[in-house]
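Chain by chain, the residues run as shown.
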Amino acid sequence: MSAREPHSLRRTALAELAVLRARHPDQFRTDIAGRLRVLALLSGLLGSAAYGMWALDFSLARIFGGLGRLAGFALEMLPPSAGGRFTLFLHALAETLGIAFLGTLTAALIAFPIAFLAARNVVPNPFARFAVRRGLDVMRSVDVLIWALIWINVVGLGPFAGALAIACSDIGALGKLFSEAIETCDRKPAEGVVASGGSSFHRIRFGLIPGVLPVLASQVLYFFESNTRSATIIGIVGAGGIGQYLTELIRVLELQQVAFLVLMILVTVSAIDWISGRLRRAIIGGPAH
């Protein structure tokens, strides 16, 4: 390539660019108003963040000043020890898994029929869908810890209140996800059932449910994995499980036993994550590895 060729290519490109500018001037015009809106939005976000840090007394000096105490706290947790209460901790861990399983299963069974009432391709009446969806919004807007405090006052302390809390919290979330999966389901099988003389019930039973069932099962498995951690947290307020021992041991500074409980929770959650991940991939048809 000669030395003149790059200059020739550059002149050709500039000429083509000039032609494009003349042909499509709106595409090359600087959108000053749009840039000002973006700048105003970024300034508002930065200002809100700065105000929030000031209002909440956020301080990097306090964080770095507490790192030494954090290191000492971590050293006091070594080595992890069950303190002769391994069987008791194991029973509490099994109770936590039971809370998560029963809560997730109850929520899925209740949310499954409700989701059809919130789906646009099942219930065409917008007012009925609006009522059902707002009800689901109310259910999921209350945190599981709040539900636990409510049910503890209703049925008393223990794992039963924990399972009810997880169920109430997940009904709203699973109902929303289920309804969205139903709405995005392929319509051809349902239309085929109707075209062959099927009723509305047959359309749902044979046209919609087989198509969305793998997705719903995958979502339920994910929620069970997440609820295992939630069941640990709600145990802190007296809803049973290993969280109850965790908060008691932290309060009395039995940090080696705290470390042992944390390791038990980590191993359990990792195992559930691995198993549920393989099950989800098998259900939705992906690779098992």
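Read on for an overview of the structure.

The rules behind these values
Residues numbered from 1 in each chain as written. Predicted model: local features only at pLDDT ≥ 70, side-chain atom pairs only at ≥ 80, totals over all residues. Heavy atoms only, no water. Phe/Tyr/Trp six-rings, centres within 6.5 Å; stacked < 30°, edge-to-face > 60°. Helix = DSSP H or I, 4+ residues; strand = E, 2+ residues; numbered from the N terminus. Buried < 20%, exposed > 50% of the residue type's maximum accessible area, 1.4 Å probe, protein only. Patch = residues over 30% accessible without salt bridge, like charges linked within 9 Å, V, L, I, M, F, W, Y side chains within 5 Å. Areas by Shrake-Rupley, 256 points an atom, 1.4 Å probe, with all protein chains shown as cover. Salt bridge = Lys/Arg side-chain N within 4 Å of Asp/Glu carboxyl O. 1 Å grid on protein atoms, 1.4 Å probe; cavity = no way out; pocket = protein on both sides within 12 Å on 5 of 7 lines; lining within 4 Å. Points joined across faces, edges and corners; volume = space filled by probe spheres on them. Nonpolar A, V, L, I, M, F, W, Y, C, P; charged D, E, K, R; others polar.

So, about the packing of aromatic side chains. The relation between two aromatic rings is expressed through the spacing of the ring centres and the mutual angle of the planes. Summed over the entire model, instances satisfying the criterion amount to seven aromatic pairs. Aromatic side chains Tyr51 and Trp54 sit 5.7 Å apart centroid to centroid with 40° between the ring planes, which places their arrangement in the tilted category. A residue pair is termed a helical-turn pair when its members lie 3 or 4 positions apart in one helix, as Tyr51 and Trp54 do in helix α3 (residues 32-55) at three residues. Of the residues examined, Tyr51 reaches a relative accessible area of 55% and is grouped as exposed. Here Trp54 falls in the exposed class, since its relative accessible area comes to 67%. Here the aromatic rings of Tyr222 and Phe223 are separated by 6.2 Å at their centres, their planes lie at 80°, and the arrangement is edge-to-face. Look at Phe223 and you get buried, because its relative accessible area is 14%. Each member of the aromatic cluster is reached from another via a ring pair, and the members are Phe86, Phe89, Tyr245 and Phe260.

A few words on a nonpolar patch on the surface. A cluster of nonpolar side chains, Met53, Phe58, Leu60, Ile63, Phe64, Leu67 and Leu70, forms an exposed patch at the surface whose accessible area comes to about 710 Å². Per element, the largest residue contribution to the nonpolar patch is five residues, and it comes from helix α4 (residues 60-76).

Here we take up empty space enclosed by the protein. Over the atoms rolls a probe the size of a water molecule, and its path tells where empty space is left. One pass over the full model with this rule turns up one cavity of 30 Å³ or more. The calculated volume of the largest cavity comes to roughly 30 Å³. Looking at the largest cavity, the residues that line it are Leu93, Thr96, Thr228, Thr232, Ile242, Ile265, Thr268 and Val269. Only α5 (86-117), α10 (200-234) and α12 (255-284) provide two or more residues apiece to the lining of the largest cavity. If you tally residues by element for the lining of the largest cavity, the top one is α12, at three residues. When grouped by side-chain class, the residues that make up the lining of the largest cavity number four nonpolar, four polar and no charged.

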